[in-house]
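# Results of the structural survey
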Amino acid sequence: MSEGNPVVLVVDDEVQIRRFLRAGLELDGFSVQDAETGADALRWATMRPPDLVMELLARAHAAMRRHVRVSSGEPVVKVGPLAIDLAARIVTINGARVMLTPKEYRLLQLLAQHAGNVVTHQFLLKEVWGSPHLHDTHYLRIFVRKLRQKIETDPTQPRILLTELGVGYRLVAPEATVAATS
């Protein structure tokens with residue numbers, strides 16, 4: 001670590017997230033130290049106090065909840081030809097309804113609620129299949145492939161539902177978020 005660069009302490013129990021954050025922060029000129037647990041972080045911080053401790057995911061999740069919440073109702077998330085009406089639970093491509101299984105819809109709903117941000121494999125697995133399936137990433141690969149077949153123009157060259165290797169998936173940032181009409 002360079003002594004001239006600000007030191008950031010990244011604390012997260014998921015190694016993929018720590019790697020992802022390290023790469024981005026180092027590209028921006030930060031020196032990065034990471035810790036898996038709060039106890040590890042405290043031990044490290046007492047030896048060499050960091051300039052910044054990352055609570056990035058907590059802030060990102062809070063920001064996305066604020067972004068998705070609209071006072072007059074839940075939004076319609078539009079990404080290119082894809083529209084996801086979260087209130088009505090309707091998904092369309094160029095105005096034509098797309099039929100999804102309950103698990104496909106739940107997966108797409110989670111990605112839409114965090115559109116523009118990476119959603120980790122573990123978060124998706126926990127939310128869609130439950131805690132016993134936190135390491136069953138093959139479930140995700142199968143369902144993401146099925147979703148891409150239904151929502152992408154060319155599923156082999158995805159432009160809407162992107163893979164963040166080793167971390168998770170990202171629904172590209174929405175063009176606009178509008179309130180659903182009642």
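Structure first, text after, so check above.
So, here's what we can say about the structure. (Residues numbered from 1 in each chain as written. Predicted model: local features only at pLDDT ≥ 70, side-chain atom pairs only at ≥ 80, totals over all residues. Heavy atoms only, no water.)

To continue, consider the overall build of the protein. Helix and strand content of the protein: six helices and 11 strands. Evaluated residue by residue, the protein yields a buried proportion of 39% over its 182 residues. For the protein, the exposed surface amounts to about 10,300 Å²; the carbon and sulfur share of it is 54%. (Helix = DSSP H or I, 4+ residues; strand = E, 2+ residues; numbered from the N terminus. Buried < 20%, exposed > 50% of the residue type's maximum accessible area, 1.4 Å probe, protein only. Areas by Shrake-Rupley, 256 points an atom, 1.4 Å probe, with all protein chains shown as cover.)

Moving on: the nonpolar core. Of all hydrophobic cores here, the largest spans 31 residues; its most connected members are Ile84, Leu107 and Leu171. Elements with a contribution of two residues or more to this core: β4 (75-79), β5 (82-85), β6 (90-93), α4 (102-113), α5 (121-129), α6 (137-151) and β10 (168-171). Among the elements that make up this core, the one with the highest residue count is α4 (six residues). (Core = buried A, V, L, I, M, F, W, Y, C linked by side-chain atoms within 4.5 Å.)

A few words on the pairing of strand β9 (residues 161-164). Side chains on a regular strand alternate between the two faces of the sheet. Here β9 runs beside β10; their pairing, made up of four bridges, is antiparallel. Note that in β10 the partner of Leu161 across the bridge is Leu171. Where β9 folds back onto β10 in an antiparallel hairpin, the turn is made up of three residues, including Gly166, whose phi is positive at roughly 75°. (Pairing = 2+ DSSP bridges.)

Pairing in this open sheet of three strands is parallel, and the strands run β2-β1-β3 from one edge to the other. In this open sheet, the two strands that pair with only one neighbour each are β2 (31-35) and β3 (52-54). For this sheet, the mean angle separating the axes of adjacent strands, direction not counted, is 25°. Bridge count for strand β1 (residues 7-11) against β2 is five bridges, and the pairing is parallel. Bridge pairing links Leu9 to Gln33 in β2. Each of β1 and β2 touches helix α2 (residues 38-47); the most contacted strand, β1, lies at about 160° to it. (Axes fitted to C-alpha atoms, helices over the stretch in contact; angles between N-to-C directions. Contact = heavy atoms within 4.5 Å.)

With their axes 10 Å apart at the nearest point, α5 and α6 run at an angle of 85° to one another. As far as their axial angle goes, α6 and α5 are roughly perpendicular. Facing His121, Leu124, Leu125 and Trp129 of α5, the residues of α6 in contact are Thr137, Tyr139, Leu140 and Phe143. (Parallel < 35°, antiparallel > 145°, perpendicular 65-115°, else oblique.)

Here the focus is the sheet that holds β9. Each strand in a sheet pairs with its neighbour through backbone hydrogen bonds, running either in the same direction (parallel) or in the opposite one (antiparallel). Strand order in this open sheet of three strands is β8-β10-β9, and the pairing throughout is antiparallel. Taken across any chain shown, the strands that pair with only one partner, and hence form the sheet edges, are β8 (119-120) and β9. Looking at chain direction, β8 and β10 are connected through two bridges and run antiparallel. Residue pairing across strands places Thr120 opposite Gly168, the latter belonging to β10.

Let us now look at the layout of surface pockets. Approximately 160 Å³ is the volume attributed to the second largest pocket. Lining the second largest pocket we find His121, Thr137, Arg141, Val144, Arg145, Arg148, Pro155, Thr163 and Tyr169. In terms of residue count, α6 provides more of the lining of the second largest pocket than any other element does, five residues in total. (1 Å grid on protein atoms, 1.4 Å probe; cavity = no way out; pocket = protein on both sides within 12 Å on 5 of 7 lines; lining within 4 Å. Points joined across faces, edges and corners; volume = space filled by probe spheres on them.)

Moving on, we get to the packing of α4 against α6. Across the interface, α4 lies against α6 with an axial gap of 10 Å and an inter-helix angle of 85°. Considering the angle they form, α4 stands roughly perpendicular to α6. The segment α4 lies against α6, with Lys103, Glu104, Leu107 and Leu108 engaging Leu140, Phe143, Val144, Lys146, Leu147, Lys150 and Ile151. Split by residue class, the contact of α4 with α6 holds seven nonpolar, no polar and four charged. (Nonpolar A, V, L, I, M, F, W, Y, C, P; charged D, E, K, R; others polar.)

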